[in-house]
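# Observations on the model geometry
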Amino acid sequence: MNNFFVKLIKNPYVLNLLLAVVIACGLIYGTLKWLDAYTRHNEAVVVPDVKGLKIEEAAEFFKNNNLRYSVIDSVLSKEVDPGAIVELVPSAGSKVKEGRIVFITVNALTSQMAKIPEVEDLSFRQAYALLRARGFENVEIEYVPGDFKDLAVSVDLRGRTLETGEHVPLTAPLTLKVSSGEAEMLPDSLSATMPVEPLDSEEENWF
C-alpha cells in the first residue's frame, strides 16, 4: 500500500497536478487578501452633514474623514445662502469607503434670469399668470387710471417700466400695473387754473 502511494507521488503527472493545485490555492488566497486590503474591507467612514456650509468650510470636514469631493451642479434654492451646499451624493450620514468622492450641488451665487413677457392689453389674470409661469415670484398689483377695467398696462421694477424681452432676475420685486377702469381726474387746483372761453367771443360780437 505504501509502495503504491510512493509510486503515485513519484509519477510526474500526479506530481504536476498536485503542484498546480497548490499554486492555484496560493494564488486564490493571495488575490483575496489583496482585494481585502485594496477595498479596505470592513473599513467605512460616515459622510458628514455639511449642508448649508460653503465649500471652503466643508473641505475641512471631508479631509478629516478621508473623503474627497467634487462640485457637479448649481441650483437656485431659498433653503441655504448663495454658494452654500444644497445636496450631497451619497447623502449625509451614509457609510462609505475611505477616499470616496462625494458629489456636491451648491446654491447659485446669482439669481436666475427670465425675459419679461408682453403683457400690455392682456387681462389682469392672463398677465399675472404669464409672469408667474415665467418664474417671477414677487409680483405686486398696482391699479392706475385707465378706460378699461382689469387690463394690464405695464410691468415696472422699482419705478421703471420694463421693456418686453428684457432679462430680469426671478427674485426681482415686480409691479404689474393694471387699469382701474376710471379715467384720470384732474386735481381741483389744476381745474381752477385752466382758462375758460368766454361765452361771447369777438367774432360773435362782429356779427
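Higher on the page you've got the structure.
Residues numbered from 1 in each chain as written. Predicted model: local features only at pLDDT ≥ 70, side-chain atom pairs only at ≥ 80, totals over all residues. Heavy atoms only, no water.

## A look at the nonpolar core
With 17 residues, the main nonpolar core has Phe136, Val155, Val168, Leu174 and Leu176 as its most contacted residues. Breaking this core down by element, the ones donating at least two residues are helix H4 (124-133), strand E8 (149-157) and strand E11 (174-180). Aside from chain neighbours lying at most four places away, what touches valine 155 is Ile116, Val119, Leu131, Arg160, Thr161, Leu162, Leu174, Thr175 and Leu176. With 13 residues, the next largest nonpolar core counts Val47, Phe62, Ile85 and Val106 among its residues. (Core = buried A, V, L, I, M, F, W, Y, C linked by side-chain atoms within 4.5 Å. Buried < 20%, exposed > 50% of the residue type's maximum accessible area, 1.4 Å probe, protein only. Helix = DSSP H or I, 4+ residues; strand = E, 2+ residues; numbered from the N terminus. Contact = heavy atoms within 4.5 Å.)

## Digging into the sheet that holds E8
Taken in spatial order, the four strands line up as E7-E11-E8-E9 in an open sheet, and their pairing is mixed. Only two strands of the sheet have a single partner each, and these edge strands are strand E7 (139-144) and strand E9 (160-161). Examined bridge by bridge, E8 and E11 share six bridges and lie antiparallel to one another. Across the sheet, alanine 152 pairs through a bridge with valine 178, a residue of E11. The strands that H4 touches are E7, E8 and E11; relative to E11, the one it contacts most, it runs at about 170°. (Pairing = 2+ DSSP bridges. Axes fitted to C-alpha atoms, helices over the stretch in contact; angles between N-to-C directions.)

## Points about the packing of aromatic side chains
Under the criterion given, the structure shown has two aromatic pairs. Measuring from ring centre to ring centre gives 6.2 Å for phenylalanine 124 and tyrosine 128, while their planes differ by 40°; the resulting arrangement is tilted. Here phenylalanine 124 pairs with tyrosine 128, and both are found in helix H4, just four residues apart, close to one helical turn. A relative accessible area of 27% places tyrosine 128 in the partly exposed class. (Phe/Tyr/Trp six-rings, centres within 6.5 Å; stacked < 30°, edge-to-face > 60°.)

## Overview of the side chain of aspartate 156
Mapped onto the elements of the fold, aspartate 156 is located in strand E8. By relative accessible area, aspartate 156 is classed as buried at 4%. A distance of 3.2 Å separates a polar atom in the side chain of aspartate 156 from a polar atom in the side chain of serine 154. Polar contacts involving the side chain of aspartate 156 include one to the side chain of threonine 161, which spans 3.2 Å. Apart from residues no more than four positions distant in its own chain, aspartate 156 is found in contact with Thr161, Leu162, Pro173, Leu174, Thr175 and Lys177. (Polar contact = N/O pair within 3.5 Å; in protein donor to acceptor, adjacent residues only side chain to side chain.)

Function cannot be read off these values alone, since they describe shape.
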